[in-house]
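# Tertiary structure, described
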Amino acid sequence: MTEASKVRDGEALDWRALESWLRANLAEAVDLKQPMEVLQFPAGSANLTYLVHFGDVEFVVRRPPFGPVAPGAHDMGREFKVLSKLWRVFSPAPRAYALCDDETVVGAPFFVMERRKGVVVYEEIPEAMRHHDDVARRVSFALVDAMADFHAVDPVAAGLGDLGRPNGFLARQVSGWQKRWDLAKETDLPMMDAVQARLERHRPEPTRASLVHNDLKLDNCQFDPVDPDHVKSIFDWDMTTIGDPLVDLGTLLGYWPDPDDVELRASRAGWAEMGLPPRHDIAARYADRVGVDTGAIAWYEAFALWKTAVVTQQIYIRYVRGQTQDERFADRGARVPVLAALAEGVLDQAGLR
């Protein structure tokens, strides 16, 4: 994880109850002589992630955001299940230690995982990595390679064979995110419904199934500053399932900036200035590594942009309803029609009317 700081206003938990639970359930790891101290990782927009330490012993605690959550979202039990097993066969997955499904402890289910140290590419290449030649391209291809390696993991051998149902996966994705949109929207936005209808009409037929992360992007990765060619850690596994792996590539492309872009995508503003390779090179790298046809990737890219519009609305409506005081979310609503228009444009360009 990256650097932690003071817990944000309105996002404190019942620290006494949490400490009692951790001491009881991680007794062999917790230094009982040291008091518990808590900081918060500030970068996330949804799940709340805290750094808890007892002297030199550190853990990461994750729980859903405050307030109502969409059905199937922010699933701490799922994330714990994935990370308690995946670390054995896929090294970028942090190890999860314990799950608490008793909501009386901190108000929601939470789980505890290892703390990993490294750097994350947010608005610029971290200073500790800038001395590397061609570093932007190298971290980009490292992410694509990690995605390819992840998709090569045998779900059954990893103990995750029951994590999802590949048959009908894309249909459930489109209908499920439409339901989330209906729950989160303030007013009707006809473009969102129009994009959904086009995605439904042109839904591709998947040719393979694998584990799917469902939110793979550059700032969900951590790097060792001395090694830009390999991803050290990947975070945010609460939507992991089994389905069409091209959804992950589409998600990455949906976030990815391109030199020809007129409108900022869901990526961070600084990414467009970093010299990242264009989307075409990202897709080509994945196709070469995995040996698959990515000719239909425009559908997956458009789906990713549309889905991100839904996620953005979910984040914004939490702020509107007073479920978070995080001022970063105050203007998120304005991004929703922009993302919907970008999805529409990708479908137009691909001739998917």
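Above this text is the structure in question.
What you see is a predicted model, and the numbers here were worked out from it, not measured in a lab. (Residues numbered from 1 in each chain as written. Predicted model: local features only at pLDDT ≥ 70, side-chain atom pairs only at ≥ 80, totals over all residues. Heavy atoms only, no water.)

## Quick word on the nonpolar core
Counting 82 residues, the largest nonpolar core has L86, L218, F223 and W237 as its most contacted members. Residue contributions to this core peak at 11 residues, all from helix α3 (residues 135–151). In this structure L86 touches A93, F150, V153, L160, L211 and W237, once residues within four positions along its chain are discounted. (Core = buried A, V, L, I, M, F, W, Y, C linked by side-chain atoms within 4.5 Å. Buried < 20%, exposed > 50% of the residue type's maximum accessible area, 1.4 Å probe, protein only. Helix = DSSP H or I, 4+ residues; strand = E, 2+ residues; numbered from the N terminus. Contact = heavy atoms within 4.5 Å.)

## Concerning the pairing of strand β2 (residues 48–54)
The element β2 is largely enclosed, with a buried count of seven among its seven residues. The two faces of β2 match: L48, Y50, V52 and F54 on one face and T49, L51 and H53 on the other face are all buried. Strand direction decides the pairing type here: strand β1 (residues 36–40) and β2, joined by five bridges, are antiparallel. Of the residues in β2, the one forming a bridge with L39 is L51. Connecting the antiparallel pair β2 and strand β3 (residues 57–63) is a turn made up of two residues, with G55 showing a positive phi of about 65 degrees. (Pairing = 2+ DSSP bridges.)

## Brief notes about the packing of helix α4 (residues 169–184) against helix α5 (residues 190–201)
Relative to each other, α4 and α5 sit at 170 degrees, their axes nearing to 10 Å. It follows that α4 is roughly antiparallel to α5 by the angle criterion. Together, V174, Q178 and W181 of α4 and M192, D193, Q196 and E200 of α5 make up the contact between the two elements. Considering only residue class, the contact of α4 with α5 consists of three nonpolar, two polar and two charged. (Axes fitted to C-alpha atoms, helices over the stretch in contact; angles between N-to-C directions. Parallel < 35°, antiparallel > 145°, perpendicular 65-115°, else oblique. Nonpolar A, V, L, I, M, F, W, Y, C, P; charged D, E, K, R; others polar.)

## Observations concerning unusual backbone geometry
Most of the time, phi is negative for any residue but glycine, and the peptide bond is trans. Despite not being glycine, N214 has its phi angle at roughly 85 degrees, a positive value. Relative to the elements of secondary structure, N214 occurs in the loop between β6 (210–212) and β7 (221–222). A relative accessible area of 4% means that N214 is categorised as buried. Positioned with a positive phi, D236 is a non-glycine residue whose angle comes to about 65 degrees. Structurally, the position occupied by D236 is in the loop between β8 (233–234) and β9 (241–243). The exposure class of D236 is partly exposed, given its relative accessible area of 25%.

## Notes on helix α2 (residues 76–86)
Residues of α2 that are buried include every one of M76, E79, F80, V82, L83, S84 and L86, and no others. In the core, the buried residues of α2 are packed alongside β3, β4 (96–100), β5 (110–113), α3 and β6. Where α2 starts, the residue carrying a side-chain oxygen 3.1 Å from the main-chain nitrogen of G77 turns out to be D75. (Polar contact = N/O pair within 3.5 Å; in protein donor to acceptor, adjacent residues only side chain to side chain.)

## A short note on α3
The end-to-end C-alpha distance of α3 is 24 Å, a good match for the 24 Å that 17 residues give at a rise of 1.5 Å each. A large share of α3 lies buried, amounting to 14 of its 17 residues. (Expected span 1.5 Å × (residues − 1).)

## Notes on the packing of aromatic side chains
Under the criterion given, the structure shown has nine aromatic pairs. Aromatic side chains F150 and W237 sit 5.3 Å apart centroid to centroid with 75 degrees between the ring planes, which places their arrangement in the edge-to-face category. Of this pair, F150 sits in helix α3 while W237 is found in the loop between β8 and β9, placing the two residues 87 residues apart along the sequence. You can call F150 buried: its relative accessible area is 1%. Given the relative accessible area of 0%, W237 is considered buried. Seen from their ring centres, W299 and Y300 are 5.2 Å apart, and the 80 degrees between their planes marks the pair as edge-to-face. By the burial criterion, W299 is buried, and Y300 matches it. Through a chain of ring-to-ring contacts, three or more aromatic side chains come together here, namely W299, Y300, F303 and W306. (Phe/Tyr/Trp six-rings, centres within 6.5 Å; stacked < 30°, edge-to-face > 60°.)

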